[in-house]
Amino acid sequence: MSETKDLTLLFESHRNHLRAVAYRMLGSATEADDAVQEAWLRLNGSDTSEVANLGGWLTTVVARLCLDILRSRRREEALDAEVVESIADSKSDPEQETLLADSVGVALLVVLNTLSPAERVAFVLHDVFDLPFDEIAPIVDRTPDAARQLASRARRRVRGGDGTSSADFQSQRVAVSAFLTALRAGDFAALLAVLDPDVLVRMDTTPGAPSREFRGAADWARGATAAFSPYARFVHPAIVNGAVGLVFAPGGKLSRALSFTVANGKITQVEIITDRDRLQQLDLSVLED
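So, how was this worked out
- Residues numbered from 1 in each chain as written.
- Predicted model: local features only at pLDDT ≥ 70, side-chain atom pairs only at ≥ 80, totals over all residues.
- Heavy atoms only, no water.
- Helix = DSSP H or I, 4+ residues; strand = E, 2+ residues; numbered from the N terminus.
- Buried < 20%, exposed > 50% of the residue type's maximum accessible area, 1.4 Å probe, protein only.
- Contact = heavy atoms within 4.5 Å.
- Areas by Shrake-Rupley, 256 points an atom, 1.4 Å probe, with all protein chains shown as cover.
- Pairing = 2+ DSSP bridges.
- Expected span 1.5 Å × (residues − 1).
- Salt bridge = Lys/Arg side-chain N within 4 Å of Asp/Glu carboxyl O.
- Axes fitted to C-alpha atoms, helices over the stretch in contact; angles between N-to-C directions.
- Parallel < 35°, antiparallel > 145°, perpendicular 65-115°, else oblique.

Asker: Pulling in residues and values, what's your account of the overall build of the protein chain?
Answerer: Along the protein chain, the regular secondary structure elements total 13 helices and 7 strands. Buried residues in the protein chain amount to 41% of all 289 residues. Taking as baseline every contact in the protein chain between residues at least 6 positions apart, the subset at least 24 positions apart corresponds to 64%. Split by element, the accessible area of the protein chain, about 15,200 Å² in all, is 50% carbon and sulfur.

The following block contains the structure:
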């Protein structure tokens, strides 16, 4: 009884760390909790008398479980998207998912979802939790050098390429930031101020159908303020196909993306992307402060 109690206390001392690891790998609070619970079951059924570093052992177990879950997700992508999403939504607490996503960084979670399972695990373990590649290698079934390359590729995807210091990029950043600030505040006048009077807005509809188009700042700003302002807390800046854009991602799950064309400090064109296939093809990176 005493040994079981001691083991439980030891595990509980590592629970928060394990959950943080699992959440960053999976982006789902429910799946993270499941992985941590499975790690407890494996600990309870294992002889750990020879384990010198229990925290490291548990982290390895959780990481391998997460890798299996990520690979399973890839196999499930052939299923109907709406079915998969409805299953996930039925098990999760939306408010908890939102709070967790905000604490980690919504844009980071969105970009992590574009990585391969092995890249995501290697990047999270090394860049976020500072594990050496010698320890990461057996988890992802690679050599240490190959694990280093996985993390490096992931890092390039997360941070984006060069050009983020150019004058054009900074002009985009200022305009998109002003747009988002106005959207979050529901400030019609401020939104109108950052839009070109003849702004063109395109929004995709059903796959294969032509995009819907809106022209003119006043009408679209009025509609955008009414439609999007209540949900603006789910909208976050990101680099979209090499330019400053926005992602709408409740709980870190990408639902739509906005790309912008900026000229002379004004937004002249907006593209709203909602089609699942197009969203998956976007080149997304984190917009660093």
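That covers the picture; the talk isn't over yet.
Asker: Describe the pairing of strand β3 (residues 235–240), naming the residues involved and giving the relevant values.
Answerer: Along β3, 5 of the 6 residues are buried, which leaves the element largely enclosed by surrounding structure. Pairing between β3 and strand β4 (residues 243–248): 6 bridges, direction antiparallel. Paired with I239 across the two strands is V244, which belongs to β4. Between β3 and β4, which pair antiparallel and follow one another directly, the connecting turn spans 2 residues, one of which, N241, has a positive phi of 50°. Note that β3 and strand β7 (residues 284–285) share 2 bridges and pair antiparallel. Residue pairing in the sheet places I239 in a bridge with S285 of β7.

Asker: Mind laying out helix α7 (residues 117–128), listing which residues take part and the relevant values?
Answerer: Turn by turn, an α-helix covers 3.6 residues, leaving residues three or four places apart pointing in a common direction. For α7, built from 12 residues, the straight-helix expectation of 16 Å at 1.5 Å per residue is met to within 8% by its first-to-last C-alpha distance of 16 Å. Summarising burial for α7: 9 of the 12 residues are buried, a large majority. Of the positions making up α7, those classed as buried are P117, A118, E119, R120, V121, A122, F123, V124 and L125.

Asker: Please provide a residue-by-residue account of the pattern of salt bridges, values included.
Answerer: When their charged atoms lie close together, side chains carrying opposite charge are able to pair. Counted according to the given criterion, the structure contains 11 salt bridges. Taking the shortest distance from any N to any O, the salt bridge between R73 and E31 comes out at 2.4 Å. Of this pair, R73 sits in helix α3 (residues 54–76) while E31 sits in helix α2 (residues 29–44), and the two are 42 residues apart along the sequence. We classify R73 as partly exposed; its relative accessible area is 25%. Owing to a relative accessible area of 22%, E31 belongs among the partly exposed residues under this scheme. A salt bridge links R278 to D204; the nearest nitrogen and oxygen atoms lie 3.3 Å apart. Residue R278 is located in helix α13 (residues 276–281), and its partner D204 is located in the loop between β1 (195–203) and β2 (212–215); the two are separated by 74 residues in the primary sequence. Among the charged side chains, a network of salt bridges with common partners joins D204, E271 and R278.

Asker: Could you give an account of the sheet that holds strand β6 (residues 266–273), with specific residues and numbers?
Answerer: What the 7 strands build is an open sheet, ordered β2-β1-β6-β5-β4-β3-β7; its pairing is mixed. Looking at which strands have only one partner, the edges of the open sheet turn out to be β2 and β7. Taken strand by strand, helix α10 (residues 167–185) contacts β1, β3, β4, β5 (256–263) and β6, and its axis lies near 25° from that of β4.

Asker: Account for the packing of helix α8 (residues 133–140) against helix α9 (residues 144–159), with residues named and values stated.
Answerer: How two helices sit against one another is set out by the angle between their axes and by the gap between those axes. Taken N-terminus to C-terminus, the directions of α8 and α9 make an angle of 90°; their axes are 8 Å apart at the nearest point. When the interaxial angle is binned, α8 and α9 end up roughly perpendicular. Along its contact with α8, which presents F133, D134, I136, A137 and V140, the element α9 presents P144, A147, R148, L150 and A151.

Asker: Tell me what's going on with the pairing of β6, and back it up with residues and numbers.
Answerer: Successive residues of a regular strand alternate their side chains across the two faces of the sheet. As defined by bridge partners, β1 adjoins β6 across 5 bridges and the pair is classed as parallel. Counted as the bridge partner of R202 is E271 from β6. With 7 bridges connecting them, β5 and β6 associate as antiparallel partners. For T261, the partnering residue across the bridge sits in β6 and is Q269. In textbook terms, the turn of a hairpin is the stretch between consecutive antiparallel strands, and for β5 and β6 this stretch comprises 2 residues, one of which, N264, has a positive phi near 55°.

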